Amino acid sequence: RMTRFGIEINVRLTNVSIKCHGSFDVYPKPLNGTKEPLVQVHTTTTETISLQEVRASDSSGEEEDNREGPNGGSVLVLQEKKSEKTGWRTLSVRPALYEAVEVWNTPS
């Protein structure tokens, strides 16, 4: 069961990084009336999209589109830079931190 989640987007000139965070409670199966989760797992899925600057005419695929900027220069746009890692996502899974509990053995 998912308990908490969040999305983090970092935008830079050379890339955009998207991270999706989630926390999941894992219960034993069958539940047997258990109210506490067996373990809690935190996950992060990360995708990084590389960007590159290209002239507006190069990005549209039309050679007749010669746009000019306000000072007479050509217009540059950002587009995805294709690489061998394009479309890859990284999944990180880690258990929640648990506190060590002393076990007391008493004679019966």
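Attention in this report is confined to the structure presented alongside it. (Residues numbered from 1 in each chain as written. Predicted model: local features only at pLDDT ≥ 70, side-chain atom pairs only at ≥ 80, totals over all residues. Heavy atoms only, no water.)

## A look at the environment of Thr86
Move 1: With respect to the helices, strands and loops of the structure, Thr86 is situated in the loop between strand S4 (76-80) and strand S5 (90-95).
Move 2: The exposure class assigned to Thr86 is partly exposed, which follows from its relative accessible area of 28%.
Move 3: Discounting residues that sit within four places of it in the chain, Thr86 has contacts with Glu80 and Lys81.
Move 4: Within polar-contact distance, the side chain of Thr86 engages the backbone nitrogen of Ser83 at 2.7 Å. (Helix = DSSP H or I, 4+ residues; strand = E, 2+ residues; numbered from the N terminus. Buried < 20%, exposed > 50% of the residue type's maximum accessible area, 1.4 Å probe, protein only. Contact = heavy atoms within 4.5 Å. Polar contact = N/O pair within 3.5 Å; in protein donor to acceptor, adjacent residues only side chain to side chain.)

## With respect to the pairing of strand S3 (residues 39-55)
The two faces of a sheet get side chains in turn, since along a regular strand they alternate between them.
Move 1: Pairing of strand S2 (residues 15-26) with S3, which is carried by 12 bridges, proceeds in the antiparallel orientation. Opposite Cys20, over in S3, you have Thr45 as the bridge partner.
Move 2: Strand direction decides the pairing type here: S3 and S5, joined by 6 bridges, are antiparallel. Within the sheet, the bridge partner assigned to Thr45 lies in S5 and is Leu91.
Move 3: As paired strands, S3 and S4 are joined by 5 bridges and run antiparallel to one another. The residue of S4 that forms the bridge with Glu53 is Leu78. (Pairing = 2+ DSSP bridges.)

## Here we look at the side chain of Asp25
Move 1: Mapped onto the elements of the fold, Asp25 is located in strand S2.
Move 2: Here Gln40 takes part through its side chain, which lies 3.1 Å from a polar atom of the side chain of Asp25.

## Re a nonpolar patch on the surface
Move 1: A cluster of nonpolar residues, Ile7, Ile9 and Val11, forms a patch on the protein surface that exposes about 340 Å² of accessible area.
Move 2: A relative accessible area of 54% places Ile9 in the exposed class. (Patch = residues over 30% accessible without salt bridge, like charges linked within 9 Å, V, L, I, M, F, W, Y side chains within 5 Å. Areas by Shrake-Rupley, 256 points an atom, 1.4 Å probe, with all protein chains shown as cover. Salt bridge = Lys/Arg side-chain N within 4 Å of Asp/Glu carboxyl O.)

## Focus on the side chain of Asn15
Move 1: You can see Asn15 is positioned in strand S2.
Move 2: Those residues in contact with Asn15 that sit more than four places away from it in its chain are Asn10, Thr48, Ile49, Ser50 and Leu51.

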